[in-house]
Amino acid sequence: MNRRMLSKEDEEAAGDEIEVRREDQDKINRFSRLHQRELGIEDELKNKNKEKEELDDLDTELELVEDEDELVQYKIGDSFFHIRHEQAKEMLGIAAAKLETEIEYLEEKLETIRTEMKGLKVDLYARFGRTINLET
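Small disclaimer: the values here were computed from a predicted structure and weren't measured. (Residues numbered from 1 in each chain as written. Predicted model: local features only at pLDDT ≥ 70, side-chain atom pairs only at ≥ 80, totals over all residues. Heavy atoms only, no water.)

Points about the environment of A97
Secondary-structure assignment places A97 in helix 3 (residues 85–128). Considered as a pair, A97 and K52 are 45 residues apart in the sequence and their alpha carbons are 9.5 Å apart. (Helix = DSSP H or I, 4+ residues; strand = E, 2+ residues; numbered from the N terminus.)

So this is what it looks like as structure tokens:
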């Protein structure tokens, strides 16, 4: 996080201290909570995208199996099971579709949070000007 002190010019430009009202503090707190939630969702989204890439790689590997009657190992939880190639591809498709739905949900949630954060930034910068730093 990049933090800096106000320069003398900035302090003089700010003039007298602006009173922080209860509603202002509520907005600052809301912005902070949204920012923390944003970071958590970004991290979760990154993990889901990595998992999606791994499923895509696994799907490619299954495409390369020559003998489709051959049993393949499929991990469910902490255990590996020998299942038919066809069944493994089907289960992999279901897992990928579920993961894609989760990714879309997280992206929508992230967009909603960012929209609300922009609105709070506008309100708070209008009230406090350069005396408040909301850059994330």
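Digging into the packing of aromatic side chains
Applying the stated rule across the entire model yields zero aromatic pairs. Geometry around F128 places R127 over its ring, the cationic atom sitting 5.5 Å from the centre. (Phe/Tyr/Trp six-rings, centres within 6.5 Å; stacked < 30°, edge-to-face > 60°. Lys NZ or Arg CZ within 6 Å of the ring centre and 35° of its normal.)

Things to note about the pairing of strand 2 (residues 79–84)
Sheet topology places strand 1 (residues 71–76) next to strand 2; six bridges connect them, and they run antiparallel. What sits directly across from Q73, in strand 2, is H82. Hairpin connection from strand 1 to strand 2: two residues lie between these consecutive antiparallel strands, with G77 at a positive phi of about 70°. (Pairing = 2+ DSSP bridges.)

Observations regarding the pattern of salt bridges
Think of it this way: side chains of opposite charge can pair up when their charged atoms draw near. Enumeration according to the criterion identifies 13 salt bridges in this entry. E38 is paired through a salt bridge with R114; the nearest N and O atoms lie 2.9 Å apart. Taken together, the residues span a long stretch of sequence, with E38 in helix 2 (residues 22–63) and R114 in helix 3 at a distance of 76 residues. Its relative accessible area of 7% is what places E38 among the buried residues. For K48, the salt bridge is made with E102, and the minimal N-O distance between the two is 2.7 Å. Within this pair, whereas K48 is found in helix 2, its partner E102 is found in helix 3, the two being separated by 54 residues in sequence. Several salt bridges share partner residues, and in doing so they unite R21, E23, D24 and R127 into one network. (Salt bridge = Lys/Arg side-chain N within 4 Å of Asp/Glu carboxyl O. Buried < 20%, exposed > 50% of the residue type's maximum accessible area, 1.4 Å probe, protein only.)

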